[in-house]
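In case you want the letters, here they are:
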Amino acid sequence: MSLDTLPGVRDMADAHGLLARKSLGQHFLYDLNVTRKITRLAGPLDGARVMEVGPGPGGLTRALLESGAEKVFAVETDERFLPLLEDINRASGGRLDVIHADALTVNPRDYLGDGPSAIVANLPYNVGTPLLTGWLTADPPPAPSMSLMFQKEVADRIAASPGGKDFGRLAVLAQSRCQVRLEMTIPARAFTPPPKIDSAVVRLDFLPESERFSDISALETVTKAAFTQRRKMLRKSLSTLGDAHKLLEMAEISPETRPETVSVQAFQRLAKVWRESISG
Ligand code: SAM
């Protein structure tokens, strides 16, 4: 059996008696046309090592294997899917390595190494944001690129530009580390069972080391102070960090500004001057 002669994704799930469990954030994509499109957005993957989180019944996994990936490492906590995934592994000529674990405990670099690689996943809702922040803050990055599906509202917050209600700590962190593109919205009806809201795929390409902001803890400190009270002007909200006027002057930010209009680069300047201010 080869990948193109496997039964459909839904048929395989039915044959293995697999029903979605809400507690594990299980909403499945049975349409290979959709998963192939996501795979194209994540590419090129020819010869690359790919990590997928939560393969479930394997719709995305199969598209990744078809794309010519050298190896797909798929981390799945629900053991009910392991026999079905083994069928896919056999059909792919042994290119699928299933890791039965909680993805929060897995370091992708242990599997992906230093060659061409990517993380591609339809992330479970309950662990999507912690997984993303872990990968964004890792040094060196887990892979050169990550193409990840989130609930639409989370995707909007990752890709947001200054000036809107979605712009906040997640956008500043993500865009300080990666070039971020909101690639495609996937309507709730594409999933089985359909979730309450639409999803969207975000592609994140890590910036070259010289452009990647590295003092993550300073960035987190200043964005937390600024956005915890997002209606307040920065001269007020940053007073918890010291002499707010001086910090803002040194970072070339107007004290009357509210956080949602401050650019990512200006937040990085603020993080730097705050770090200098406490280092003496
Ligand atoms: N990739 C499949 C698809 O697109 O049809 C399934 C996606 S479903 C939204 C999320 C998958 O992640 C489920 O298979 C679920 O069992 C798995 N999962 C949930 N929490 C996980 C965790 N902490 N680590 C690894 N997998 C997890």
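Residues numbered from 1 in each chain as written. Predicted model: local features only at pLDDT ≥ 70, side-chain atom pairs only at ≥ 80, totals over all residues. Heavy atoms only, no water.

1. Side note on the overall build of the protein chain
Along the protein chain, the regular secondary structure elements total 12 helices and 9 strands. At 21 Å, the protein chain has a C-alpha radius of gyration in line with the 19 Å of a compact globule built from 280 residues. Its C-alpha atoms give the protein chain principal-axis dimensions of about 70 × 40 × 25 Å. Within the protein chain, the proportion of its 280 residues that are buried is 50%. In the protein chain, of all internal contacts separated by at least 6 residues, the share reaching a separation of at least 24 is 67%. Surface summary for the protein chain: the accessible area is close to 12,900 Å², and the carbon and sulfur share equals 49%. (Helix = DSSP H or I, 4+ residues; strand = E, 2+ residues; numbered from the N terminus. Rg over C-alpha atoms; globule rule 2.2 N^0.38 Å. Buried < 20%, exposed > 50% of the residue type's maximum accessible area, 1.4 Å probe, protein only. Contact = heavy atoms within 4.5 Å. Areas by Shrake-Rupley, 256 points an atom, 1.4 Å probe, with all protein chains shown as cover.)

2. Points about the sheet that holds strand S3 (residues 71–76)
With respect to topology, 7 strands assemble into an open sheet ordered S4-S3-S2-S5-S6-S9-S7, the strand pairing being mixed. Edge positions in the sheet fall to strand S4 (96–100) and strand S7 (178–186), since each of these pairs with one other strand and no more. Neighbour to neighbour, the strand axes of the sheet diverge by 20° on average, direction disregarded. Bridge count for strand S5 (residues 117–122) against strand S6 (residues 145–151) is 5 bridges, and the pairing is parallel. (Pairing = 2+ DSSP bridges. Axes fitted to C-alpha atoms, helices over the stretch in contact; angles between N-to-C directions.)

3. Re the environment of Leu45
As for its position among the elements, Leu45 is in the loop between helix H2 (32–42) and strand S2 (49–53). Filtering out sequence-adjacent residues up to four positions away, Leu45 remains in contact with Thr39, Val50, Leu64, Ser67, Gly68, Ala69 and Ala118.

4. What about the nonpolar core?
Formed by 34 residues in total, the largest nonpolar core has its most connected members in Ile38, Ile88, Val120 and Ile186. Those elements that place two or more of their residues in this core are helix H1 (9–15), strand S1 (28–29), H2, helix H3 (59–66), S3, helix H4 (82–91), S5 and S7. Apart from the residues lying within four places of it in its own chain, the contact partners of Ile186 are Val34, Ile38, Met149, Phe191, Asp198, Ser199, Ala200 and Val201. Ranked by size, the runner-up nonpolar core spans 33 residues in total, among them Ala121, Leu132, Phe150 and Phe206. (Core = buried A, V, L, I, M, F, W, Y, C linked by side-chain atoms within 4.5 Å.)

5. Quick look at the packing of aromatic side chains
With the rule as written, the count across this model stands at 5 aromatic pairs. Note on Phe28 and Phe81: the rings are 5.5 Å apart at their centroids and 75° apart in plane angle, and the pair reads as edge-to-face. With Phe28 in strand S1 and Phe81 in the loop between S3 and H4, the pair connects residues that are 53 residues apart, well separated along the chain. Grouping residues by exposure puts Phe28 and Phe81 together as buried. (Phe/Tyr/Trp six-rings, centres within 6.5 Å; stacked < 30°, edge-to-face > 60°.)

6. Some points on the layout of surface pockets
Quantified by volume, the largest pocket comes out at close to 440 Å³. Lining of the largest pocket is provided by 31 residues; of these, Leu24, Gly54, Glu76, Asn122 and Pro124 occupy positions nearest its centre. Counting only elements with at least two residues in the lining of the largest pocket, the list comes to S1, S2, H3 and S3. For the lining of the largest pocket, a count of residues per class yields 17 nonpolar, 10 polar and 4 charged. (1 Å grid on protein atoms, 1.4 Å probe; cavity = no way out; pocket = protein on both sides within 12 Å on 5 of 7 lines; lining within 4 Å. Points joined across faces, edges and corners; volume = space filled by probe spheres on them. Nonpolar A, V, L, I, M, F, W, Y, C, P; charged D, E, K, R; others polar.)

7. With respect to the environment of Val262
Mapped onto the elements, Val262 comes out in the loop between helix H11 (244–250) and helix H12 (264–279). Val262 sits 28 residues away from Leu234 along the chain, and the two C-alpha atoms are 9.7 Å apart. Those residues in contact with Val262, other than ones at most four positions away along the chain, are Pro162, Phe167, Leu234, Ile253, Thr257 and Phe267.

8. Describing the site of the ligand
Near the ligand there are 20 residues, and of these Gln26, Leu29, Gly54, Glu76 and Asn122 occur at the shortest range. The side chain of Asp102 places a nitrogen or oxygen atom 2.9 Å from a nitrogen atom of the ligand. Its free accessible area being 600 Å², the ligand has 98% of it covered by the protein chains. Its atoms largely coinciding with the cavity grid, the ligand occupies the largest pocket. Breaking the shell around the ligand down by element, the ones donating at least two residues are S1 and S3. (Near = heavy atom within 4 Å. Polar contact = N/O pair within 3.5 Å; in protein donor to acceptor, adjacent residues only side chain to side chain. Sits in = over half its atoms within 2 Å of the grid points.)

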